[in-house]
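# Coordinates in review
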Amino acid sequence: MKDNEKTEAKVEQAKGKVKKVAGRTVGNERMTAEGRAEESKGDLRQAKEKAKDAFKH
């Protein structure tokens, strides 16, 4: 389960980054904002998993 959460975090970050860049490329501010939000969500999920690992050891 732990690896799955870490993978989901990486996928969210990547999808967000792609969406953000695509939004900037076509000049769509809404898509850019959605991409930033998705990327941040992945960052938070990754931070949560790192915190869990830190307390586990």
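Described in the following lines is the structure provided in the data block. Computed from a predicted model, the values in this text were never measured in an experiment.

## A word on the overall build of the protein chain
- When its secondary structure is counted, the protein chain shows 2 helices and 0 strands.
- By the compact-globule yardstick of 10 Å for 57 residues, the protein chain is too spread out, its C-alpha radius of gyration being 13 Å.
- Overall size of the protein chain, expressed as C-alpha extent along the three principal axes, is 45 × 15 × 10 Å.
- Each of the 57 residues in the protein chain was classed as buried or not, and the buried ones make up 26%.
- Residue pairs at least 24 apart in sequence account for 54% of intrachain contacts in the protein chain once pairs closer than 6 positions are excluded.
- With 16 positive and 11 negative side-chain charges, the protein chain shows a spacing of 2 Å between the two charge centroids.

## Focus on the environment of Val18
- Summarising the element assignment, Val18 is placed in helix H1 (residues 2–26).
- In this structure, the C-alpha to C-alpha distance between Val18 and Glu39, residues 21 residues apart in sequence, is 9.3 Å.

## Describing helix H2 (residues 29–56)
- With 28 residues, H2 should cover 40 Å at 1.5 Å per step; its first-to-last C-alpha distance of 41 Å lies within 8% of that length.
- Those residues of H2 that sit buried are Thr32, Gly35, Glu38, Glu39, Gly42, Arg45, Glu49 and Asp53.
- Backbone nitrogen of Arg30 and a side-chain oxygen of the N-cap are separated by 3.1 Å at the start of H2; the cap is Asn28.

Criteria and cut-off values
Residues numbered from 1 in each chain as written. Predicted model: local features only at pLDDT ≥ 70, side-chain atom pairs only at ≥ 80, totals over all residues. Heavy atoms only, no water. Helix = DSSP H or I, 4+ residues; strand = E, 2+ residues; numbered from the N terminus. Rg over C-alpha atoms; globule rule 2.2 N^0.38 Å. Buried < 20%, exposed > 50% of the residue type's maximum accessible area, 1.4 Å probe, protein only. Contact = heavy atoms within 4.5 Å. Lys, Arg positive; Asp, Glu negative; His and termini not counted. Charge placed at Lys NZ, Arg CZ, Asp CG, Glu CD. Expected span 1.5 Å × (residues − 1). Polar contact = N/O pair within 3.5 Å; in protein donor to acceptor, adjacent residues only side chain to side chain.

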